[in-house]
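# Residue-level structure breakdown
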Amino acid sequence: MRRRKPSENEKTQSSNSKPDEEDDKNKKVTTKKTKDKDKSNKWSCVDSCCWFVGCICTVWWILLFLYNAMPASFPQYVTEAITGPLPDPPGVKLQKEGLRAKHPVVFVPGIVTAGLELWEGHQCAEGLFRKRLWGGTFGEVYKRPLCWVEHMSLDNETGMDPAGIRVRPVTGLVAADYFAPGYFVWAVLIANLARIGYEEKTMYMASYDWRLSFQNTEVRDQTLSRIKSNIELMVATNGGKRAVIIPHSMGVLYFLHFMKWVEAPAPMGGGGGSDWCAKHIKAVMNIGGPFLGVPKAVSGLFSAEARDIAVVRAIAPGVLDNDLFHLQTLQYGMKMTRTWDSTMSMIPKGGDTIWGGLDWSPEEGHVPSKKKQRNNDTQILGQNETGSLVSQAKGVNYGRIISFGKDVAEAPSSEIERTDFRGAVKGNNVANSTCRDVWTEYHDMGFGGIQAVAEYKVYTAGEILDLLEFVAPKMMARGSAHFSYGIAENLDDPEYKHYKYWSNPLETKLPDAPDMEIYSMYGVGIPTERAYVYRLTPAAECYIPFQIDTSADAEDENSCLKDGVLTVDGDETVPILSAGFMCAKGWRGKTRFNPSGIQTHIREYDHAPPANFLEGRGTQSGAHVDIMGNFALIEDIIRVAAGATGEDLGGDQVYSDIFKWSEKINLAL
Amino acid sequence: LFRKRLWGGSFTEIFKRFGWPLCWLEHLSLHNETGLDPPGIRVRAVSGLVAADYFAPGYFVWAVLIQNLARIGYEGKNMYMAAYDWRLSFQNTEIRDQALSRLKSKIELMYVTNGSKKVVVVPHSMGVIYFLHFLKWVESPPPMGGGGGPGWCAKHIKAIMNIGPAFLGVPKAVSGMLSAEARDIAVIRAVAPGFLDSKFLRLQTLEHVMRVSRTWDSIVSLMPKGGETIWGNLDWSPEEEHDCDSAKKRYLQCSLSEKNTNHSNEKRGFQAKERMKYGRIISFGKAASELPSSQLPTLGSKELLRTSTSSNSDASCGEVWTEYDEMSRESIQKVAENKAYTARTLIDLLRFVAPKMMQRAEAHFSHGIAENLDDPKYAHYKYWSNPLETKLPEAPDMEIYCLYGVGIPTERSYVYKLSPSDRCNSIPFQIDTSADGSDGGGCLKGGVYFVDGDESVPVLSAGFMCAKGWRGRTRFNPSGIATYIREYQHKPPASLLEGRGVESGAHVDIMGNVALIEDVLRVAAGATGAELGGDRIYSDIIKMSERINIRL
């Protein structure tokens, strides 16, 4: 603002002086009486230009002043005038009902949404001490992108800090209340909890460095010990009332890991004893939890793209791929994200048993467009059902998480010719010197390896692991030391005491805490990525050799295949299967994964987009992050925090076919 | 404004959203009788390192220290900002927010996760007293204490590095409570008389400030402690030989030429004759501050009884309620007739003018000197924050540092006058800014007597405990914890570009003093006090302490 001021003064000065000059000119011109029209026209043009700039500046100042003087309730008043009175926020409503803060609350943020700040950096990061590198305005990304990438990356071999760089999680509630200015994550929930009497002493944000593998957060930062100590403190200072834990997204897996860690004996575990969870935890309310992983993680690791990037490529081909800016954005992104161990915690777990094989998948028969049609009008419903029959007959093979070419994605399995890639020779390093600074492991693969990968045609959830091991051996070597993706045969096998199994719900038992409750809360009604159609990138050595084939669209509009991505129902990031299966079947009742019979509840929230743009991100959203502002979800959480049980909420609330799909999964319980 | 800073930050809220500073003040006040939250308002301490790294944008408090610690490898997991609500009395922070339990748990956690290395505690200003309270609290049995057992401090704490400690209180707190003014405000009044008193803006700023700050119990913890034994009586004070002129010369960085030395020597002779009577913390009229005690009319504090409680305030003053409105004109006169107050009678004075505040405060703080420390009454928490009424914990390996700036004139006692009679002007006393030292120099300036200190805390308060009270094995320090005094001579920043200076000794700016930071870093990295070089003294603290006659 300050800088603008002198410039504005200049402008006004110059615009003041201009008329004088003009007068002088005019006098001269009248004496000459030649070409006077041209001259005065020319001068009045410059003149009005200056006036224009002056006006803009003045208006800007006035608007700024008005904005600052505006009472805080003004936007709300306008919204109410247009849309009618808003419903009370759940906090206010429940406060009127007489609910009060009872159980302490712990938030566990997910991947990406929590802030990271710099504690020690290289020369290029001068002056950024304790400034946010991740979260906030991301100003540094634009100012010094390479430096930023360097500081956000971890060491490629150890998965810990590179030498001379320390980036640490932000602590306190500010860590993840807003991701960027105006983009809330936990803020709405925190504000509503505060209405019924929560404050800093009864709320705790368990922020952790989400780039590290879960056990490494303990090794490097003692984050797990910190969480344990904080929960113990809050339970002790609140008169022994057990805590309600609210993990979101990857935080769900992190907290699964924590529950095993805290009861495991030291030094690998926290040494809390086998009844720690029973004593300290009342309920775990998982929001949008990718219990069994997300297919998005695969495409992210495989080619650093998700649907959003694939869409950009479809709309403006060449923008991302060209070398014009010498930025090679995707390659840098890939290089960075591949050093983050935590992304590997979200690779689909449970293999073909859960995610489906070449010919079947639990979701088959899913009609993606049904929801859309229902929203628009119900008259076409009959017509629609025939359409769905068609697509069912065609067979959408969700089990094939990656297929090369659209025809392969749709062909019956008997017709696909597959060549095993596992033994393929990787060939020489073909990377030429110009590419060297953008190192990704693909350069080690050589052309032969890439061809072999494409020859195999189709990959199911189980084979994805082999694929990733083939294309990114170093990353997977780190990953497999910290995570496991299988299904346990015998849970009492001593090998399952190792921490790498702790975040996989299919390879651990829940703690012995019969009074605890587990909730699975997630949005439904948004198409969610489930499987991909890939193609080879037109040969150019510097690039990632695979990309999503955005030309692969289904012929009829009702199909799930769009821009090379097969979608199912979900919350935009996590498919229902991953979010709901454990609570719907895996842990329901007394199973081998849940020996003490912890109660599970499924709460689904049907997505409804905001009615108008004034509502912002909506109060009924079901999207992965926006659901944190969903009033129904917030109300459920507040009720539980104030002492309600799952039955008091009304048990399960299900809109999707999760129970039908779970039936189809053949898993020993 | 949910979870926005009401205190600290840019303070823009005072002007902007509230639109009306009264609303802001209302939210910052506490309940006048309980000293806890007023109904419907919850203001809580900001937590984390951001709580106090910068007070306002660009005005660092802890930030420089944090940054330097980070250079040698410190980070979020081994630094902890023990933020507490500084408006509450210390025990109430535990009752309302469990702040003490939280601090205990954090220290224990850091101790465990860092391989059982003891922590270094760095309290600043009032935090010093707060931590003193914590030391006693943590070893006391529950429910009043933290139940850590008698070995807790010995096990968990390596050193306490008190920065600018206000162990024995500050005289500033007295003037703040009596008339809501400090030197800064008195100076404004001297420069532009009538400005603050005029009701032109109809804001009655001082009255509002007074009403709010009087609800803050914690201010009472900063009242001078130890009574006349420490702070001096009508005729005597430990600093009486303090030479203001030479101190001032040093402050102004004037090289002492020969002429100057002679000059100040003359002064010293003059002052030896007529010593400054710092013991009279408040005197009414300049004359009263200089007279020998025999000529002073002394009314016993008993006589300071409320003669009539009929409210004199008329309706228009009603909204700016301070306790002064309940005092009649006669009793105000009576207060002024008593002429001079020492640290002991001062408490009586405050009890008289602000009975409700003192009633609350005396349940939480005590300002005396213990006769017998083993008396079971000293187990009560109100004595915990007074170093003269508690024993240090049993921790012979612990070290206590007193780090403070010297070389800046610091308020020590005041000359007051009655406000011009105006009914609505509800603060009846104000500092007599016309009272200046007779000879241009001298310690009296603008109605305030100065001594050496760090601008807020006089050397006496900051250094006495480390210099004498706890030195060696005394009754206040039964296990003989080693104490060290580290003084930092104030040097104003050489140029504008240096900002607040790297060699400053001022109360807050000292947190950016490179010598102090170096000391803190060395201790944090494992050095002991002896390795730092032991005491480092510029002031007369040892001499002053010797003059104080206290049984050890």
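Quick caveat: nothing in here was measured; it's all calculated off a predicted structure.

## Considering the overall build of chain A
Looking only at helices and strands, one finds 25 helices and 17 strands in chain A. In chain A, which comprises 669 residues, the proportion classed as buried is 54%. Taking the intrachain contacts of chain A between residues at least 6 apart in sequence as the baseline, contacts between residues at least 24 apart amount to 76%. Total accessible area computed for chain A in this model is approximately 28900 Å², and 56% of it derives from carbon and sulfur atoms.

## Details of the packing of helix H9 (residues 223–237) of chain A against helix H10 (residues 250–263) of chain A
Residues and elements named next belong to chain A. Running from N to C, H9 and H10 point in directions that differ by 80°, and their axes come no closer than 11 Å. Taken together, the axes of H9 and H10 are roughly perpendicular relative to one another. Seen from H9, the contacting residues are Thr-223, Leu-224, Ser-225, Ile-227, Lys-228 and Ile-231; seen from H10, they are Tyr-254, His-257, Phe-258, Trp-261 and Val-262. Here the residues of the contact of H9 with H10 are counted per class, giving 7 nonpolar, 3 polar and 1 charged.

## Observations concerning the confidence of the model for chain A
Residues and elements named next belong to chain A. Here chain A averages 77 in pLDDT, while 74% of its residues score no lower than 70. Confidence, read as mean pLDDT per element, is least for helix H17 (residues 381–394) in chain A (41) and greatest for strand S8 (residues 243–247) (94). Contacts for the low-pLDDT stretch residues 1–18, under 50 throughout, to residues beyond four places or in other chains number 13 contacts. Every residue in residues 428–438 is under pLDDT 50, and counting partners more than four places away or in other chains gives 19 contacts.

## Digging into the environment of A:Asp657
Residues and elements named next belong to chain A. Summarising the element assignment, Asp-657 is placed in the loop between helix H24 (646–649) and helix H25 (658–664). The class of Asp-657 is partly exposed, set by a relative accessible area of 32%. With 446 residues separating them in the primary sequence, Asp-657 and Arg-211 have C-alpha atoms 34 Å apart.

## Notes on the UniProt feature "transmembrane region" (unreviewed entry) in chain A
Within this structure's numbering, the places UniProt gives as "transmembrane region" (unreviewed entry) are residues 45–67 of chain A. Annotated as 100% helix and 0% strand, the span residues 45–67 of chain A places its first and last C-alpha atoms 32 Å apart.

## Considerations on a nonpolar patch on the surface
Residues and elements named next belong to chain A. A surface patch of nonpolar side chains, amounting to about 520 Å² of accessible area, comprises Val-59, Ile-62, Leu-63, Phe-65 and Leu-66. In this structure, Leu-66 sits in helix H2 (residues 36–69). Under the relative-accessibility criterion, Leu-66 is labelled partly exposed at 49%.

## What about the interface of chain B and chain A?
Every contact between the two is made by 28 residues of chain B and, on the other side, 27 residues of chain A. Interface of chain B and chain A: buried area, both sides summed, is about 2700 Å²; carbon and sulfur atoms make up 49% of it. Between the two partners, chain B and chain A, sit 2 salt bridges. In this structure, A:Arg166 and B:Glu75 form a salt bridge, with 2.8 Å as the shortest nitrogen-oxygen distance. Where chain B touches chain A, the interface holds 9 residue pairs in polar contact (both at pLDDT 80 or more). Counting residues per element, the side of chain B that touches chain A draws most heavily on helix H5 (residues 99–113) of chain B, which supplies 6 residues. Of the residues assigned to the side of chain B that touches chain A, the class counts are 8 nonpolar, 8 polar and 12 charged.

## Re the packing of aromatic side chains
All names here are of chain A. Tallying each qualifying case throughout the model produces 29 aromatic pairs over all chains. Between Trp-210 and Trp-340 the ring centres are 5.1 Å apart and the planes differ by 85°, which places this aromatic pair in the edge-to-face class. On the criterion of sequence distance, the pair formed by Trp-210 in the loop between strand S7 (203–205) and helix H8 (214–221) and Trp-340 in the loop between helix H14 (329–337) and helix H15 (351–355) is long-range, its members being 130 residues apart. Judged by its relative accessible area of 0%, Trp-210 falls in the buried class. Three or more aromatic residues link up through ring pairs in this structure, and these residues are Trp-134, Trp-148, Trp-210 and Trp-340.

## Observations concerning the state of the cysteines
In the structure shown here, the tally under the stated rule is 1 disulfide over all chains. Bridging B:Cys402 to B:Cys466, the disulfide has an S-S length of 2.0 Å. The chirality of the disulfide connecting B:Cys402 with B:Cys466 is right-handed, given an S-S dihedral of about 70°. Residue B:Cys402 is found in strand S7 (residues 399–406), and its partner B:Cys466 is found in helix H18 (residues 459–469); the two are separated by 64 residues along the sequence. By relative accessible area, which is 0% here, B:Cys466 ends up buried. The thiol sulfur of A:Cys55 is not disulfide-bonded, and the nearest other cysteine sulfur, from A:Cys57, lies at 9.3 Å. With no disulfide partner, A:Cys277 has as its closest neighbouring cysteine sulfur the one in A:Cys583, 16 Å distant.

## Thoughts on the sheet that holds strand S3 (residues 132–134) of chain A
All names here are of chain A. With respect to topology, 3 strands assemble into an open sheet ordered S3-S2-S4, the strand pairing being antiparallel. In this open sheet, the two strands that pair with only one neighbour each are S3 and strand S4 (166–169). Averaged over neighbouring strand pairs, the angle between their axes works out to 45° when direction is ignored. Direction of pairing for strand S2 (residues 116–120) relative to S3: antiparallel, over a ladder of 2 bridges. Directly across from Glu-117, in S3, lies its bridge partner Arg-132. Lying on the sheet, helix H6 (residues 145–152) is in contact with S2, S3 and S4; it crosses S3 at an angle near 80°.

## Let's talk about the sheet that holds strand S9 (residues 281–287) of chain A
All names here are of chain A. What the 6 strands build is an open sheet, ordered S7-S1-S8-S9-S12-S17; its pairing is parallel. What marks the edges here is a single partner per strand, and that holds for S7 and strand S17 (599–606). Neighbour to neighbour, the strand axes of the sheet diverge by 15° on average, direction disregarded. Pairing of strand S1 (residues 105–108) with S7 involves 3 bridges; the strand directions are parallel. Its bridge partner being in S7, Val-106 is matched across the sheet by Tyr-204. H9 contacts S1, S7 and S8 of the sheet and is inclined by roughly 175° relative to S7.

## Here's the deal with unusual backbone geometry
All names here are of chain A. The omega angle of the peptide bond from Ala-266 to Pro-267 is 5°, so this bond is cis rather than trans. Within the secondary structure, Pro-267 is located in the loop between H10 and helix H11 (276–280). Within the chain, Ser-249 stands out as a residue other than glycine whose phi angle is a positive 55°. Summarising the element assignment, Ser-249 is placed in the loop between S8 and H10. Among the residues examined, Ser-249 registers a relative accessible area of 7% and is labelled buried.

Quick notes on the rules
Residues numbered from 1 in each chain as written. Chains lettered and ligands numbered in written order. Predicted model: local features only at pLDDT ≥ 70, side-chain atom pairs only at ≥ 80, totals over all residues. Heavy atoms only, no water. Helix = DSSP H or I, 4+ residues; strand = E, 2+ residues; numbered from the N terminus. Buried < 20%, exposed > 50% of the residue type's maximum accessible area, 1.4 Å probe, protein only. Contact = heavy atoms within 4.5 Å. Areas by Shrake-Rupley, 256 points an atom, 1.4 Å probe, with all protein chains shown as cover. Axes fitted to C-alpha atoms, helices over the stretch in contact; angles between N-to-C directions. Parallel < 35°, antiparallel > 145°, perpendicular 65-115°, else oblique. Nonpolar A, V, L, I, M, F, W, Y, C, P; charged D, E, K, R; others polar. pLDDT = per-residue confidence, 0-100. UniProt positions renumbered as here; feature names shortened; annotations may be inferred. Patch = residues over 30% accessible without salt bridge, like charges linked within 9 Å, V, L, I, M, F, W, Y side chains within 5 Å. Salt bridge = Lys/Arg side-chain N within 4 Å of Asp/Glu carboxyl O. Buried area = accessible area lost by both parts, 1.4 Å probe. Polar contact = N/O pair within 3.5 Å; in protein donor to acceptor, adjacent residues only side chain to side chain. Phe/Tyr/Trp six-rings, centres within 6.5 Å; stacked < 30°, edge-to-face > 60°. Disulfide = S-S within 2.5 Å. Pairing = 2+ DSSP bridges.

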